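Descriptive structure summary
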Number of protein chains: 2
Amino acid sequence: MQPPVETQNVLRDGFVEFAYGDPDPAVLPVELLREAADRLLRRSDAAGALAYGPDLGPRALRDAIVARSAEREGLGLGADQILVSGGNSQALGQVLTDLTRPGDAVFVEIPTYSLALGVLADHPVEVNGVPMDDAGLDVDALEEAVRRARGAGRRARLLYTVPTFHNPAGVSLALERRESLLELARREGLILVEDDVYRELVFEGQAPPALRALDPEAPVVRLGSFAKTLAPGLRVGWIDAPPELFEIVSADGVLESGGCVSQFSASLVAALLEAGVYDDHVVTLRRTYAARRDALAGALRKELPAGCSFTVPAGGFFLWVRLPRGLTASKLLPVAERHRVGLAPGHRFCIDGDDRHLRLPFSLYDAASLAEGARRLAAAIGEAMAGAS
Amino acid sequence: MQPPVETQNVLRDGFVEFAYGDPDPAVLPVELLREAADRLLRRSDAAGALAYGPDLGPRALRDAIVARSAEREGLGLGADQILVSGGNSQALGQVLTDLTRPGDAVFVEIPTYSLALGVLADHPVEVNGVPMDDAGLDVDALEEAVRRARGAGRRARLLYTVPTFHNPAGVSLALERRESLLELARREGLILVEDDVYRELVFEGQAPPALRALDPEAPVVRLGSFAKTLAPGLRVGWIDAPPELFEIVSADGVLESGGCVSQFSASLVAALLEAGVYDDHVVTLRRTYAARRDALAGALRKELPAGCSFTVPAGGFFLWVRLPRGLTASKLLPVAERHRVGLAPGHRFCIDGDDRHLRLPFSLYDAASLAEGARRLAAAIGEAMAGAS
C-alpha cells in the first residue's frame, strides 16, 4: 500500500479553508512536468541534471529567465546576473544571511506576508513595520522609519516588500511611489528586497513594472518564482540584482558547497520551458484565477454585511477584507469555525498587531466553493456582530 | 539546439582533476530516477508532490529513513523526528541560522570539509580549529578549545564534525573517542553537528556507529544525505536530532513558509525507495568505489616518492596525502598543472593554514584514470622536490 503524498496544509472535510494561499492542486501541470522529466532523463547528458549544479543554476533556465525578462520588462540582463533559487522563502532566508549584520534594522509593510515574518525572526535583525494604503507602501513613512532607526544607532539595511499584487493586501504600489521608493533606496543605500512572485498572474492589462526593471542600477534584489505559475513543490525561483549586491548573494557558501540549491528541479523547469508550453499554461492560469477572483468578489459584494470593505486586486491570489468597526478577526475566528470556514486572521500579517482584516485567497477553490465560503463568512460576521453588540 | 546541462565543476580535457569530490556522473542512477519520476507523476495524487510540502518533508521518505535507521543503527525514531533537508550544505546553513547567536564559538576539525568553512563564514560566529590524528578528532584538544572560548567570554555552541569516513582526512573517529566526545558534549552542552554523508559507502565490514545512534539523548544534530548514494543534484538529505534541538530546527521560518525545501525531489527519492531498488544500487556503489580506492592507493604506493604518506580509508571518497618535508601543496600546484593533474591544496581544508597535504578523491574517475593521475602526481612531486632542493 502506498501512503498518500502529503501536502503542507490539510483541508478539513466540509470546510472552506481561507487560511491557505496555495495554488489549486487541480491546476498544477502534472502531465507537462511528467513529460518534461521523461525528456530530461532520456537525454544523453541527463546525469548533468543530477550532479552538483553550477552555483548560479542551470544555464538553460537562466537563459530562459533572461529572455522572458528582456521581452516583457525590457531588462537587459546577462545569464550571469541570474541566480536560480529554491523558491522565495529559501531566497529570502539566504538574502538575510548574506546581506544583513546582527542588529541591522529591516523594514516590512503593514500588512506583510505573514510567513516572511517567520523567516525574518530567525535572523538577528530588528524588524520595523511601515504602513500601507490603497496605493501601497507609504514611502514617506518608510523614510521616517529609516531616520528613526538611524537615530537609534542602527544600520537601516533593507525593506522586504511585495509591490505587485500584494500578499495579503491585494494592492499594487502606485507608479509614482515606485519612483520615490527607488529614489529613497538610492539616496539612503537601503536595499529593496522585491518579492515579485505574482507578476505573471495579472488579470487585466499589464502588471506594474518591477522596481528592479524601473531602475536596474538601484539596490533592488528581486525574488522571482515558478511556485505560483508551475508548482510550489518544485522549489524553483530566482534572484536578480545589480552587480554589487548580486556578487555578495551569489558568493553564499551554501551555493559554493552544494551548487544550485534546486539543480534537478531547475533543470526540469528548463526542460518544460524549452518545450514552449509555459506561455499557454500561464494564460490558462490567468483566466482561471481571474474568474475565481470575480466569483469571490461578486459573492462578497452580495453577502457581506454593511461595514465590511475590500479592494479587488488586478492580479495575484488575495482579497483583503476590512471587518466592520468593533469586530476583530480573533473574535470572528471561533464563530467562523462553527460556520465551517477556516480563516487566517489579519494580526498574523500585521507586525503592529492590527486585527481588523482578513486575508481571503481565491487561488485554492473553484468558483462555487468560493461563493459558498463567502456566504458562510458573511453569516459568521453577522452572528459575531450581533454577539458583539 | 538544446544547450548542454552544465554541472558545477568543469573537467579539463586531458587533465585528471583531483580537485573535485563529486560522485562519478556515470554511476548516477538516471534510469531508476526516470522510472521513479514516471511512476510518481502518474499517481492519482501526484499533485501532492508538486504542492507545498509538509514542513518535515514527505511522510513516505521520512518513514523509509526511519525504517533504515532502525534496521541498521537500532535507532528507534518516529517519522516526526526526521526533517527532510535540501542536502547537507543547505542543512548546515539552516542549523547555523537556527542554533547559533552572533558571537558564538563554533569548532571544526583541522582539516575539515573546505566548503563547510564557506557556509560558516556567512554566519556571525567565531570559528575555531581543533586538531585530528589517525584516530580522528583530538577530543582533549576540543575540551581545551571550549575552555579557551569560554574564558574569552564566548558561548561554546557547536562542533561541525565528519566522524565517519572523514572529508578530507579519510579516517574515522575511534569508538572510545566517540564516547568521550559524547560525554564532553553532554557535560558542556556543546552541540555536535554530525555530517554523516558517507555512512552508506563503507567498503569493509560495518561503518562505525553514528554519534547520533550511540547516544540518542546527547545533543547531536545528524545530517544525512542521498547526495552520494543517489545524486547530489536532487538536493535531498535529512536532519535528525533529539527532541529539544529538533524542535528548534524544525521551527525554522523557511520551512513554515515554503514547506519542505525539496518537496518534489524528496517525493521522487521516496518513489525510488518504494520500488525496492536502492539497496542493490548502494551495494554496486560500494563495490565500484572500493575498487577505485584500491586502484588509487595501489598506484600511489607504487609511484609516490619517499617521504609521502597516506591513510587508506575504509569508506567514503578520499585519500589524504602527506607531502614530503619541505614541499607545500601551494608549491606543488603549478608543477602539477604542467603535469595535467588538478589539485585542491590542503590549506583550503585547514583553518590554521597548514599546507602539507593533498586531498585525493577516488569517486570521480575509473581505475585507469586514477592510476594515470597517481603517476602524474608522483612525477610532479618529484619535479617539485628537485626544484625545492
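What counts as what
- Residues numbered from 1 in each chain as written.
- Chains lettered and ligands numbered in written order.
- Predicted model: local features only at pLDDT ≥ 70, side-chain atom pairs only at ≥ 80, totals over all residues.
- Heavy atoms only, no water.
- Phe/Tyr/Trp six-rings, centres within 6.5 Å; stacked < 30°, edge-to-face > 60°.
- Helix = DSSP H or I, 4+ residues; strand = E, 2+ residues; numbered from the N terminus.
- Buried < 20%, exposed > 50% of the residue type's maximum accessible area, 1.4 Å probe, protein only.
- Contact = heavy atoms within 4.5 Å.
- Polar contact = N/O pair within 3.5 Å; in protein donor to acceptor, adjacent residues only side chain to side chain.
- Pairing = 2+ DSSP bridges.
- Axes fitted to C-alpha atoms, helices over the stretch in contact; angles between N-to-C directions.
- Buried area = accessible area lost by both parts, 1.4 Å probe.
- Salt bridge = Lys/Arg side-chain N within 4 Å of Asp/Glu carboxyl O.
- Nonpolar A, V, L, I, M, F, W, Y, C, P; charged D, E, K, R; others polar.
- Domains from an automatic or database assignment.
- Least-squares fit on C-alpha atoms with pLDDT ≥ 70 in both.
- Disulfide = S-S within 2.5 Å.

Points about the packing of aromatic side chains
Evaluated as defined, the whole model comprises 17 aromatic pairs over all chains. Plain terms: the ring middles of Phe203(B) and Phe362(B) are 6.1 Å apart, the flat faces sit at 55 degrees to each other, and that makes the pair tilted. With Phe203(B) in the loop between strand E7 (191-195) and helix H8 (211-214) and Phe362(B) in the loop between strand E14 (357-361) and helix H14 (367-388), this residue pair connects regions lying 159 residues apart in the sequence. Here Phe203(B) and Phe362(B) have matching classes, each one buried. Ring centres 6.1 Å apart and planes at 70 degrees place the aromatic pair Phe317(B) and Phe318(B) in the edge-to-face group. Overall, Phe317(B) belongs to the buried group, its relative accessible area being 0%. According to the relative accessible area criterion, Phe318(B) is buried, its value standing at 2%. Every member of this aromatic cluster is reached through a ring pair, and the members are Tyr198(A), Tyr289(A), Phe317(A) and Phe318(A).

A closer look at the environment of Thr161(B)
Residues and elements named next belong to chain B. One can find Thr-161 in strand E6 (residues 156-161). When its relative accessible area of 0% is taken as the criterion, Thr-161 is described as buried. Those residues in contact with Thr-161 that sit more than four places away from it in its chain are Glu-109, Val-193, Glu-194, Asp-195 and Leu-211. One polar contact links Thr-161 to Glu-109, side chain to side chain, over a distance of 2.5 Å.

Some points on the sheet that holds strand E10 (residues 309-311) of chain A
Residues and elements named next belong to chain A. Pairing in this open sheet of 4 strands is antiparallel, and the strands run E10-E11-E14-E13 from one edge to the other. Strands with a single pairing partner mark the edges of an open sheet, and in this sheet they are E10 and strand E13 (344-345). Against the sheet, helix H12 (residues 278-303) contacts E10, strand E11 (318-322) and strand E14 (357-361), and its axis sits at roughly 15 degrees relative to E11.

Considering the environment of Ala210(B)
All names here are of chain B. With respect to the helices and strands, the residue Ala-210 is situated in the loop between E7 and H8. A sequence separation of 47 residues divides Ala-210 from Pro-163, and the C-alpha atoms of the two residues are 7.9 Å apart. Setting aside residues no more than four positions away along its own chain, Ala-210 makes contact with Glu-73, Arg-178, Glu-194, Asp-196, Arg-199 and Arg-222.

Remarks on the interface of chain B and chain A
Interface extent is often summarised as the accessible area lost during association of the parts. Tallying the contact residues gives 70 residues for chain B and 70 residues for chain A. Summing the contributions of chain B and of chain A, the shared interface buries around 5800 Å²; its carbon and sulfur component is 60%. Contact with chain A buries area across many residues of chain B, yet Gln8(B), Leu50(B) and Tyr52(B) alone supply 14% of it, more than any other trio. Here chain B is connected to chain A by 2 salt bridges. Partitioned by chemical class, the residues of the side of chain B that touches chain A number 33 nonpolar, 20 polar and 17 charged.

So, the domain arrangement of chain A
Residues and elements named next belong to chain A. Looking at chain A, the domain boundaries give domain 1 (16-29 + 279-388) and domain 2 (32-274). Each of domain 1 and domain 2 has a C-alpha centre, and the two are 26 Å apart. Listed per partner, the contact involves 28 residues of domain 1 and 33 residues of domain 2. Across the interface of domain 1 and domain 2, roughly 2600 Å² is buried in total on both sides, 65% from carbon and sulfur atoms. Of all residues in domain 1, the largest losses of buried area upon contact with domain 2 belong to Pro-29, Arg-286 and Ile-351, amounting jointly to 24% of the total for that side. Counting across the interface, domain 1 meets domain 2 through 4 salt bridges. The shortest N-O distance in the salt bridge between Arg-68 and Asp-279 comes to 2.6 Å. Here domain 1 and domain 2 share 10 residue pairs in polar contact (both at pLDDT 80 or more) between them.

Overview of the sheet that holds strand E3 (residues 105-110) of chain A
Residues and elements named next belong to chain A. Overall, mixed pairing links the 8 strands, which are arranged E2-E9-E8-E7-E6-E3-E4-E5 in an open sheet. With partners counted over all chains shown, the strands left at the sheet margins are strand E2 (82-85) and strand E5 (136-137), one partner each. Strand direction decides the pairing type here: strand E4 (residues 126-133) and E5, joined by 2 bridges, are antiparallel. Note that in E5 the partner of Met-132 across the bridge is Leu-137. Against the sheet, helix H6 (residues 139-151) contacts E3, E4, E5 and strand E6 (156-161), and its axis sits at roughly 155 degrees relative to E3.

Examining the relation of the copies chain B and chain A
Expressed as a screw operation, the relation of chain B to chain A combines 0.0 Å of axial shift with a rotation of 180 degrees, fitting to an RMSD of 0.0 Å. One copy is carried onto the other by what is essentially a two-fold rotation axis. A shared binding surface is used by both copies, with 100% of the interface residues of chain B retained as interface residues in chain A.

Some points on the pairing of strand E2 (residues 82-85) of chain B
All names here are of chain B. Of the two faces of E2, the one holding Ile-82 and Val-84 and the one holding Leu-83 and Ser-85 are both buried throughout. Direction of pairing for E2 relative to strand E9 (residues 237-240): antiparallel, over a ladder of 4 bridges. Among the inter-strand pairings, Ile-82 is bridged to a residue of E9, identified as Asp-240.

Considerations on the state of the cysteines
All told, the structure shown has 0 disulfides over all chains when counted by the stated rule. Cys350(B) carries a free sulfur, and the closest cysteine sulfur to it, the one in Cys308(B), is 16 Å from it.

Description of the side chain of Gln263(B)
Mapping Gln263(B) onto the fold places it in helix H11 (residues 263-274). A distance of 3.0 Å separates the side chain of Gln263(B) from the backbone oxygen of Gly48(B), its partner in a polar contact. Those residues within four positions of Gln263(B) in sequence are excluded, and the remaining contacts are Val5(A), Glu6(A), Gly233(A), Arg235(A), Gly48(B), Ala49(B), Ala51(B), Gly53(B), Pro54(B) and Pro58(B).

Quick look at the pattern of salt bridges
Inspection of every chain in the model, using the stated rule, returns 75 salt bridges over all chains. Its salt-bridge partner being Arg72(B), residue Asp279(B) comes within 3.7 Å of it at the nearest N-O pair. You can see Asp279(B) sitting in helix H12 (residues 278-303) and its partner Arg72(B) sitting in helix H3 (residues 59-73), a full 207 residues away along the chain. Judged by its relative accessible area of 37%, Asp279(B) falls in the partly exposed class. In this structure, Asp104(B) and Arg155(B) form a salt bridge, with 2.8 Å as the shortest nitrogen-oxygen distance. With Asp104(B) in the loop between helix H4 (88-99) and strand E3 (105-110) and Arg155(B) in the loop between helix H6 (139-151) and E6, the pair connects residues that are 51 residues apart, well separated along the chain. Within the structure, one salt-bridge network assembled from shared partners comprises Glu143(A), Glu144(A), Arg147(A), Arg148(A), Arg150(A), Glu183(A), Arg187(A) and Glu188(A).

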